[in-house]
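Descriptive analysis of the structure
Take a look at the letters that make up each chain.
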There are 14 protein chains.
Amino acid sequence: MDQQTWVAVASVISAGLTIGLGSIGSALGEGRALAQALSSIAQQPDEAATITRTLFVGMAMVESTAIYCFVVSMILIFANPFWNQMTSQ
Amino acid sequence: MDQQTWVAVASVISAGLTIGLGSIGSALGEGRALAQALSSIAQQPDEAATITRTLFVGMAMVESTAIYCFVVSMILIFANPFWNQMTSQ
Amino acid sequence: MDQQTWVAVASVISAGLTIGLGSIGSALGEGRALAQALSSIAQQPDEAATITRTLFVGMAMVESTAIYCFVVSMILIFANPFWNQMTSQ
Amino acid sequence: MDQQTWVAVASVISAGLTIGLGSIGSALGEGRALAQALSSIAQQPDEAATITRTLFVGMAMVESTAIYCFVVSMILIFANPFWNQMTSQ
Amino acid sequence: MDQQTWVAVASVISAGLTIGLGSIGSALGEGRALAQALSSIAQQPDEAATITRTLFVGMAMVESTAIYCFVVSMILIFANPFWNQMTSQ
Amino acid sequence: MDQQTWVAVASVISAGLTIGLGSIGSALGEGRALAQALSSIAQQPDEAATITRTLFVGMAMVESTAIYCFVVSMILIFANPFWNQMTSQ
Amino acid sequence: MDQQTWVAVASVISAGLTIGLGSIGSALGEGRALAQALSSIAQQPDEAATITRTLFVGMAMVESTAIYCFVVSMILIFANPFWNQMTSQ
Amino acid sequence: MDQQTWVAVASVISAGLTIGLGSIGSALGEGRALAQALSSIAQQPDEAATITRTLFVGMAMVESTAIYCFVVSMILIFANPFWNQMTSQ
Amino acid sequence: MDQQTWVAVASVISAGLTIGLGSIGSALGEGRALAQALSSIAQQPDEAATITRTLFVGMAMVESTAIYCFVVSMILIFANPFWNQMTSQ
Amino acid sequence: MDQQTWVAVASVISAGLTIGLGSIGSALGEGRALAQALSSIAQQPDEAATITRTLFVGMAMVESTAIYCFVVSMILIFANPFWNQMTSQ
Amino acid sequence: MDQQTWVAVASVISAGLTIGLGSIGSALGEGRALAQALSSIAQQPDEAATITRTLFVGMAMVESTAIYCFVVSMILIFANPFWNQMTSQ
Amino acid sequence: MDQQTWVAVASVISAGLTIGLGSIGSALGEGRALAQALSSIAQQPDEAATITRTLFVGMAMVESTAIYCFVVSMILIFANPFWNQMTSQ
Amino acid sequence: MDQQTWVAVASVISAGLTIGLGSIGSALGEGRALAQALSSIAQQPDEAATITRTLFVGMAMVESTAIYCFVVSMILIFANPFWNQMTSQ
Amino acid sequence: MDQQTWVAVASVISAGLTIGLGSIGSALGEGRALAQALSSIAQQPDEAATITRTLFVGMAMVESTAIYCFVVSMILIFANPFWNQMTSQ
């Protein structure tokens with residue numbers, strides 16, 4: 001098992017775990033906010049526009065933490081600097 | 001066990017864990033939002049249309065984190081750049 | 001233990017864990033939504049039709065995350081590209 | 001320990017864990033829905049027919065995730081493609 | 001340690017863990033439903049017949065997930081196809 | 001360490017863990033149901049007979065999952081087919 | 001380390017873990033039922049006799065799961081069939 | 001490291017873990033029952049005698065699971081049959 | 001590393017873990033009971049004497065599980081029969 | 001496996017875990033705050049401007065902990081001083 | 001690595017874990033009791049003297065479980081009988 | 001693998017875990033405080049200024065624990081005294 | 001790796017884990033008590049002096065468990081008797 | 001790998017884990033107290049000064065447990081007595 005293989009194996013496993021772990025928190029956080037939004041709309045229908053707008057802006061911020069993970073995951077698969085340097089030798 | 005085998009084994013295990021872990025958060029988050037939506041419809045039937053629309057748009061966002069995991073899982077199985085480079089040598 | 005065996009062992013274990021982990025979240029999420037649906041029907045019987053329809057559409061979305069896992073599990077068992085490439089050599 | 005034995009050992013362990021893990025979520029989810037159904041019947045006896053029908057259709061969907069696990073478990077024991085290919089050599 | 005022993009050891013351990021894990025979810029789910037049933041009978045004694053009937057049909061469904069585990073556990077001990085094939089050689 | 005010893009060691013450890021894990025769920029589930037039964041009797045003393053009867057029938061079903069584990073545990077200790085086959089050789 | 005020692009070591013560790021794990025669930029379940037019984041007696045002193053009787057019959061059933069573990073633990077220490085067979089050789 | 005040492009090491013570790021694990025459940029269960037008893041006495045001082053008597057009989061049953069662990073722990077240290085047989089050889 | 005050292009190392013680690021694990025449950029259980037006692041005294045000051053007496057007798061029973069652990073821990077350090085037998089040889 | 005490879009493997013795994021773990025807390029914390037914000041808007045619509053402003057300033061602070069993790073993750077991938085020093089030798 | 005070093009290493013690690021684990025339960029239990037005491041004083045200021053006295057006597061009992069751990073930890077560091085016997089040889 | 005590589009690998013992994021673990025608590029704690037602040041503003045709009053000021057001063061204190069972790073993480077990457085001493089030899 | 005190094009490595013790791021684990025319980029316990037104290041002051045401002053005094057005396061007792069850990073941690077770093085004896089040889 | 005490297009590796013990993021674990025409890029405890037403080041100010045604005053003062057004195061005590069960890073972490077990096085003694089030889 002040469003150098004390239006070690007880096008490839010580590011990148012594959014790390015890429016999977018990163019997005020796998022990272023999506024748990026985002027999904028739970030968004031689900032909670034969404035549940036509360038629906039409850040608030042039912043309680044105060046006149047504020048549905050404000051609630052929906054705040055919900056989606058906020059969910060975009062929560063989603064951003066999953067996107068960080070997705071970005072790192074993609075970098076490790078398609079733009080891995082360690083892999084590039086080793087294969088270019 | 002040569003280089004290809006190591007990468008194949010790592011890809012297979014990582015692909016499974018990625019979607020396995022990633023679906024837990026999404027399913028729980030969507031289940032919670034869905035439960036609250038049904039409760040809100042029962043409480044405020046006149047707002048059923050708004051609640052249902054917000055629910056499905058929001059669930060699409062929560063689903064997106066599971067889809068990130070599914071995408072990474074598919075990339076690791078069918079478009080794995082490390083595997084392609086090694087088999088093309 | 002040659003190359004094929006390693007890939008076979010990894011595929012078997014990964015296929016099992018993927019659907020095993022993936023069904024936990026879905027089952028819990030669907031159970032929660034179902035429980036709330038029954039509570040809402042009891043509370044607001046006139047809305048039973050809307051609640052039931054929303055419930056089953058929503059459960060289909062929650063089920064989808066389990067289905068992603070089932071798909072990956074089936075791919076790893078019956079359409080594993082790493083296995084196919086190795087046995088075709 | 002030859003190739004066949006490794007695949008057999010992996011299949012046996014994986015088959016057990018798959019259904020073992022997969023039944024936890026289903027059983028908890030169904031138990032929760034069932035508990036709520038009984039509570040709803042006591043609260044609104046006139047809707048017992050609707051509640052019971054929704055309960056059993058919904059439990060069938062929750063059960064489906066356990067059945068995915070059971071199917072994968074049976075495939076690994078009785079229709080394992082890796083095992084078949086190796087023993088047919 | 002020859003081939004048969006490995007398969008026997010794996011089957012013994014897997015059979016125990018399968019039913020051990022699988023009974024946790026079922027027992028907790030049934031306990032919860034049973035507790036709620038007793039509470040509902042106390043609250044609405046006139047519906048005791050409906051509640052009890054729904055309870056036992058529902059518990060049979062929850063029990064089914066434990067029975068899947070018990071079936072897999074028995075198959076691994078008494079009808080293990082890997083063991084049979086190896087001892088018949 | 002010959003074949004028999006491996007099977008014996010695996011059977012001993014597996015038998016202990018099976019009943020050890022399996023009794024946790026049953027005990028917690030029965031405890032919960034029992035606690036609710038006592039609460040219901042205090043709330044509705046006239047229904048004590050119905051509640052007690054439902055309680056003990058239900059606890060028998062919950063107990064059944066622990067009994068599955070106990071049966072598997074006894075089989076592994078006293079009627080282990082792998083052990084019998086090996087010692088009869 | 002010969003055969004006997006392996007079986008002895010496995011039996012000692014397994015016996016301890018079995019009763020150690022098995023007592024956790026029983027103790028928590030009995031504690032919960034006992035707590036509820038005391039609360040119910042305070043709430044409905046006239047039913048103290050019925051409550052106490054149901055409590056102790058129910059606790060005996062919960063205790064039974066701990067006793068299964070204790071029985072397995074004692075069998076592994078004092079009536080271990082694997083140990084007996086090996087020492088009688 | 002000869003046979004005796006292995007058995008001694010296993011007995012020492014197992015004895016400690018057994019009582020360590022076993023006391024957790026008992027202590028939590030008794031603490032819960034005791035807390036409820038104090039609450040019930042404050043609520044219904046006239047029933048203090050009945051509550052206290054039921055409390056201590058019940059706690060003795062909860063304590064019994066810790067005592068099973070203590071007994072196994074003492075047996076492993078002072079009356080270990082495996083150790084006795086080996087040192088008597 | 002001779003026989004004595006193995007037994008000494010195992011005794012040291014086991015003694016520490018035993019009391020470390022065993023004190024968690026006791027401390028939490030006693031803390032819960034104490035908290036409830038203070039709440040009950042504030043609610044029913046006239047029963048302070050009965051509550052305090054029941055509290056301390058009950059805490060002594062909860063403490064007893066920690067004392068079992070402490071006793072086993074002390075036995076393993078100062079009266080370890082395995083160590084004594086080995087050093088007396 | 002030379003020095004560079006070890007550092008590369010460690011950096012790849014560490015970068016993934018850092019952002020994976022770090023995004024869990026942020027996403028859950030932001031989801032909770034967002035849920036409460038929606039509830040507060042529904043309860044007090046006149047304060048929607050103040051609530052929304054405080055929400056987004058606060059979420060930026062919660063987001064900052066995820067950003068620390070993202071920064072460390074990026075440093076480990078693109079500006080790793082250990083890697084630079086080793087490749088410059 | 002001779003005998004003394006093994007015992008020293010085991011004592012150092014065990015001493016740290018013992019007090020580390022043991023302080024968790026005590027601190028949580030005392031914190032809970034203290035929180036309830038403050039709540040009770042606010043609710044019933046006239047009983048502040050009784051509450052405070054009971055609180056500190058009770059906390060001393062909870063503290064005692066942490067002190068058992070501290071004593072074992074100190075014995076392992078400063079009065080370790082295994083270490084003394086080995087260094088005196 | 002020489003001395004420098006070991007220290008580099010340990011520093012890379014430790015730096016990642018430190019900030020990864022450290023951000024979980026901070027993010028959850030800040031999210032909780034922020035959620036309560038929004039709730040309090042909705043409840044008592046006249047105190048919005050005091051609440052917001054206390055919130056941000058408090059969040060800075062909670063943030064400080066994440067900053068300790070970030071500082072240690074940066075020291076391990078850019079000012080590691082062990083690495084400096086070894087590379088200066 | 002000689003004797004001194006083993007003891008040094010064990011002391012360094014143990015010292016860190018001891019205070020790391022020990023501070024979790026204390027911080028959570030003190031945070032809970034502090035939160036309740038603030039709630040009690042808001043509820044009963046006239047008792048602020050008594051509450052604050054009881055709070056800080058109680059927090060000192062909770063803090064004491066963290067201080068035990070800190071003391072053990074310092075002893076392991078600066079006054080380690082095993083290290084002293086070995087370096088003085 | 002010589003003596004110095006082992007101590008350096010252990011110090012680096014231990015320093016990171018110490019502050020990483022230690023900041024979790026502090027951050028959660030402070031977040032809880034802060035959340036309650038904001039709630040109390042909203043409920044009793046006239047006591048804002050007393051509440052804020054008690055909050056920050058109390059948070060300083062909670063912070064102190066994180067500071068113990070930070071101190072140990074810094075000692076392990078910059079004033080490690082084991083490292084100093086070894087490098088001075």
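Just so we're clear, the structure is a prediction, and the values are computed from it rather than from any experiment.

1. Some words on the overall build of chain A
Each helix and strand counted, chain A has three helices and zero strands in total. From first element to last, N terminus to C terminus, chain A shows the α and β order α-α-α. Counting all 89 residues of chain A, 66% fall into the buried class. Partitioning the intrachain contacts of chain A with sequence separation of at least 6 by distance along the chain shows that 76% fall at a separation of at least 24.

2. Considerations on the relation of the copies chain D and chain E
For the pair chain D and chain E, the relating rotation is 26°, the translation along its axis is 0.0 Å, and the fit reaches an RMSD of 0.0 Å. In this assembly, only 15% of the residues forming the interface of chain D have copies in chain E that are likewise at the interface, indicating a heterologous arrangement.

3. Regarding the side chain of Q4(A)
With respect to the secondary-structure elements, Q4(A) resides in helix α1 (residues 3-43). The contacts of Q4(A), once residues within four sequence positions are left out, are W83(A), M86(A), T87(A), M86(B) and Q89(B).

4. Structural notes on the interface of chain A and chain B
Across the contact, 46 residues belong to chain A and 44 residues belong to chain B. Counting each side, the surface lost to burial between chain A and chain B is near 3800 Å², with a carbon and sulfur contribution of 78%. When the buried area of chain A at its contact with chain B is split by residue, V12(A), L38(A) and I77(A) rank highest and sum to 15% of it. In this structure, the connection of chain A to chain B is made through zero salt bridges. Counting across the interface, chain A meets chain B through seven residue pairs in polar contact (both at pLDDT 80 or more). Elements supplying a minimum of two residues to the side of chain A that touches chain B: α1, α2 (48-78) and α3 (81-88) of chain A. Ranked by residue count, the leading element in the side of chain A that touches chain B is α1(A), at 26 residues. Of the residues assigned to the side of chain A that touches chain B, the class counts are 30 nonpolar, twelve polar and four charged.

5. Let's talk about the interface of chain D and chain E
Taken residue by residue, the interface counts 46 residues in chain D and 44 residues in chain E. Overall, the association of chain D and chain E removes approximately 3800 Å² of surface from exposure, summing both partners, and the carbon and sulfur fraction of that is 78%. Contact with chain E buries area across many residues of chain D, yet V12(D), L38(D) and I77(D) alone supply 16% of it, more than any other trio. If you look at where chain D meets chain E, you find zero salt bridges. Our enumeration of links across chain D and chain E arrives at seven residue pairs in polar contact (both at pLDDT 80 or more). Elements represented by at least two residues in the side of chain D that touches chain E include exactly α1 (3-43), α2 (48-78) and α3 (81-88) of chain D. If you tally residues by element for the side of chain D that touches chain E, the top one is α1(D), at 26 residues. Its residues placed into classes, the side of chain D that touches chain E shows 30 nonpolar, twelve polar and four charged.

6. Some points on the relation of the copies chain A and chain B
Laying chain A over chain B is done by rotating through 26° and shifting 0.0 Å along the axis; what remains is an RMSD of 0.0 Å. Take the interface residues of chain A: only 15% of them recur as interface residues in chain B, which is what a contact between different surfaces looks like.

7. Topic: the UniProt feature "domain: V-ATPase proteolipid subunit C-like" (unreviewed entry) in chain A
Per the UniProt record, "domain: V-ATPase proteolipid subunit C-like" (unreviewed entry) is found at residues 13-76 of chain A. For residues 13-76 of chain A, the helix share is 94%, the strand share is 0%, and the end-to-end C-alpha distance is 10 Å.

8. Remarks on helix α3 (residues 81-88) of chain I
Considered for burial, the residues of α3(I) that qualify are F82(I), W83(I) and M86(I). Along the axis of α3(I), the buried residues cluster in a sector spanning 95°; they form a single face. The inward-facing, buried residues of α3(I) contact α1 (3-43), α2 (48-78) and α3 (81-88) of chain H, α1 (3-43) of chain I together with α3 (81-88) of chain K. Put simply, N80(I) is the residue that caps the front of α3(I), since its side-chain oxygen is 3.1 Å from the backbone nitrogen of F82(I).

9. A short note on helix α1 (residues 3-43) of chain M
Because each turn of an α-helix spans 3.6 residues, side chains separated by three or four positions in sequence point in the same direction. With 41 residues, α1(M) extends 61 Å between its outermost C-alpha atoms, agreeing within 8% with the 60 Å of an ideal straight helix rising 1.5 Å per residue. By the criterion of burial, α1(M) is predominantly enclosed, with 33 of the 41 residues buried.

10. With respect to the packing of helix α1 (residues 3-43) of chain E against helix α2 (residues 48-78) of chain E
Interaxial distance between α1(E) and α2(E) falls to 8 Å at its minimum, and their mutual angle equals 175°. The angle between the axes of α1(E) and α2(E) places the two elements in the roughly antiparallel class.

11. A word on a positive patch on the surface
Together, R32(A), R32(B), R32(C), R32(D), R32(E), R32(F), R32(J) and R32(L) make up a positively charged patch on the protein surface. You can call R32(A) partly exposed: its relative accessible area is 30%.

Reading guide: rules and limits
Residues numbered from 1 in each chain as written. Chains lettered and ligands numbered in written order. Predicted model: local features only at pLDDT ≥ 70, side-chain atom pairs only at ≥ 80, totals over all residues. Heavy atoms only, no water. Helix = DSSP H or I, 4+ residues; strand = E, 2+ residues; numbered from the N terminus. Buried < 20%, exposed > 50% of the residue type's maximum accessible area, 1.4 Å probe, protein only. Contact = heavy atoms within 4.5 Å. Least-squares fit on C-alpha atoms with pLDDT ≥ 70 in both. Buried area = accessible area lost by both parts, 1.4 Å probe. Salt bridge = Lys/Arg side-chain N within 4 Å of Asp/Glu carboxyl O. Polar contact = N/O pair within 3.5 Å; in protein donor to acceptor, adjacent residues only side chain to side chain. Nonpolar A, V, L, I, M, F, W, Y, C, P; charged D, E, K, R; others polar. UniProt positions renumbered as here; feature names shortened; annotations may be inferred. Arc of directions from axis to C-beta. Expected span 1.5 Å × (residues − 1). Axes fitted to C-alpha atoms, helices over the stretch in contact; angles between N-to-C directions. Parallel < 35°, antiparallel > 145°, perpendicular 65-115°, else oblique. Patch = residues over 30% accessible without salt bridge, like charges linked within 9 Å, V, L, I, M, F, W, Y side chains within 5 Å. Areas by Shrake-Rupley, 256 points an atom, 1.4 Å probe, with all protein chains shown as cover. Lys, Arg positive; Asp, Glu negative; His and termini not counted. Charge placed at Lys NZ, Arg CZ, Asp CG, Glu CD.

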